[in-house]
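Listed below are the residues making up each chain.
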Amino acid sequence: MQFRAQQDPSLAETQDMDPAEIERPPDNAGNEARVSFGQAAVNLKLVTGAQIQECVNVQRALLAKGQRVPLLGQILLQRGYLDKAGVEKIKSYQQMYQISDKIPGYKLMEKLGQGAMGTVYKAKQVRMERWVAIKVLQPELAANMTIKQRFLQEARASARLNHPNVITGIDAGEVEGLCYFAMEYVEGKTLQQLVKERGAMDERQALDAILQVAKALEHAEKLSLVHRDVKPSNMLLDGSVE
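Residues numbered from 1 in each chain as written. Predicted model: local features only at pLDDT ≥ 70, side-chain atom pairs only at ≥ 80, totals over all residues. Heavy atoms only, no water.

(A) Layout of unusual backbone geometry. You will see that E129, though not glycine, has its phi angle at about 50 degrees, which is positive. In this fold, E129 is placed in the loop between strand 4 (118-125) and strand 5 (130-137). For S224, which is not glycine, the phi dihedral falls at a positive 60 degrees. (Helix = DSSP H or I, 4+ residues; strand = E, 2+ residues; numbered from the N terminus.)

Written out as C-alpha cells, the structure reads:
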C-alpha cells in the first residue's frame, strides 16, 4: 500500500526572467539550481518559446515606459496561453528542480502527488538504473524532531515487509534538511482514482480488491506493524491491489 496522497494557485512566485535562462547560484551558494518560470513552462510544453518571448517583450515595453510590470505568469494567463492549473504545475516543477539532485544516488524527475505529510516524486535510482518513488516530508514537518523521527522509523519498518500486495521500501534518510523515503515505483492508479473514473466496482472486483488488501494487512500484522491509514487513495492498482 502506497501513501500518495488543488488549491487555487497564487502567482506570487512566478518570475519575469528571460525564458532561456536557467539560473545557478555561485559556487559558494551550494548546489541548488533554480529554473525560471518561463523555462519551466517551455520544458513542460505548456507554452511555446515564441509565446514566452511575446510576453517578455510586453514586460520590457512596460518597464521602458516606467509603468508597473505584471509577472510573467499573469501575462500568460491574460493572453490565454496558460490556465491556473498550468501555473500550479509550473510552480511544482520549479520546486522539484531545486531539490532534484539533493538526495545522493537519486534524481527526482516528476511530481506524482502530494498529501498533508509530504510530496511523492518519480525518481531515477542512478546506480541501479531503475525508477523509484520518493516521498519527501514537508519541510515544516521535518523541522519537528518527533514527526521526523516517526517518519523515518515508519519508512525503515516498511523495509521488513515482503509481500506481492505491499510496495517495497528501498531507502530512507535525511540530507540537507530533506527527510525522504524511497520505495518501489509501480505504474498505476489508486483505487480512489479508478472509482472516480469508472464508477462503483462490481461485487467481484470489490471482493478481489478487499481480499488483496486483507492479505497485505495480515502480512504486516505478523510483523507487528499497523498501517494506520487504510483508505482507497492509499491503494495502488497495477492489475493487483498494492
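(B) Molecular detail of the nonpolar core. Ranked by size, the top nonpolar core spans 30 residues in total, and within it L76 and I134 carry the most contacts. Among the elements of the structure, helix 1 (37-43), helix 2 (49-64), helix 3 (72-78), helix 4 (84-99), strand 3 (106-114), strand 4, strand 5 and strand 7 (178-184) are those that each provide at least two residues to this core. Look past the residues within four positions of L76 in its chain and what remains in contact with it is F37, V47, Q51, I52, C55, Y81 and L82. Counting residues in hydrophobic clusters, the runner-up holds 17 residues, among them V120, L137, L152 and Y185. (Core = buried A, V, L, I, M, F, W, Y, C linked by side-chain atoms within 4.5 Å. Buried < 20%, exposed > 50% of the residue type's maximum accessible area, 1.4 Å probe, protein only. Contact = heavy atoms within 4.5 Å.)

(C) Local environment of the pairing of strand 5. In terms of residue burial, strand 5 counts as a mostly covered element, since six of its eight residues are buried. Pairing of strand 4 with strand 5 involves eight bridges; the strand directions are antiparallel. Opposite Q125, over in strand 5, you have R130 as the bridge partner. In textbook terms, the turn of a hairpin is the stretch between consecutive antiparallel strands, and for strand 4 and strand 5 this stretch comprises four residues, one of which, E129, has a positive phi near 50 degrees. Where strand 5 and strand 7 come together, five bridges link them in antiparallel fashion. Bridging from a neighbouring strand, V136 pairs with Y180 of strand 7. (Pairing = 2+ DSSP bridges.)

(D) Spatial organisation of helix 4. With 16 residues, helix 4 extends 24 Å from end C-alpha to end C-alpha; this agrees with the ideal 22 Å at 1.5 Å per step. All buried positions along helix 4 are accounted for by G86, V87, I90, K91, S92, Y93, Q94, M96, Y97 and I99. (Expected span 1.5 Å × (residues − 1).)

(E) A look at the sheet that holds strand 7. Spatially, five strands are ordered 3-4-5-7-6 in an open sheet, and the strand pairing comes out antiparallel. Both outer strands of the open sheet, strand 3 and strand 6 (169-175), are each paired with one neighbouring strand and no more. On average, each strand axis in the sheet is inclined to that of its neighbour by 25 degrees, with strand direction left out of account. Sheet contacts for helix 4: strand 3, strand 4 and strand 7; angle to strand 3, the most-contacted strand, approximately 145 degrees. (Axes fitted to C-alpha atoms, helices over the stretch in contact; angles between N-to-C directions.)

None of this, on its own, says anything about what the molecule does.
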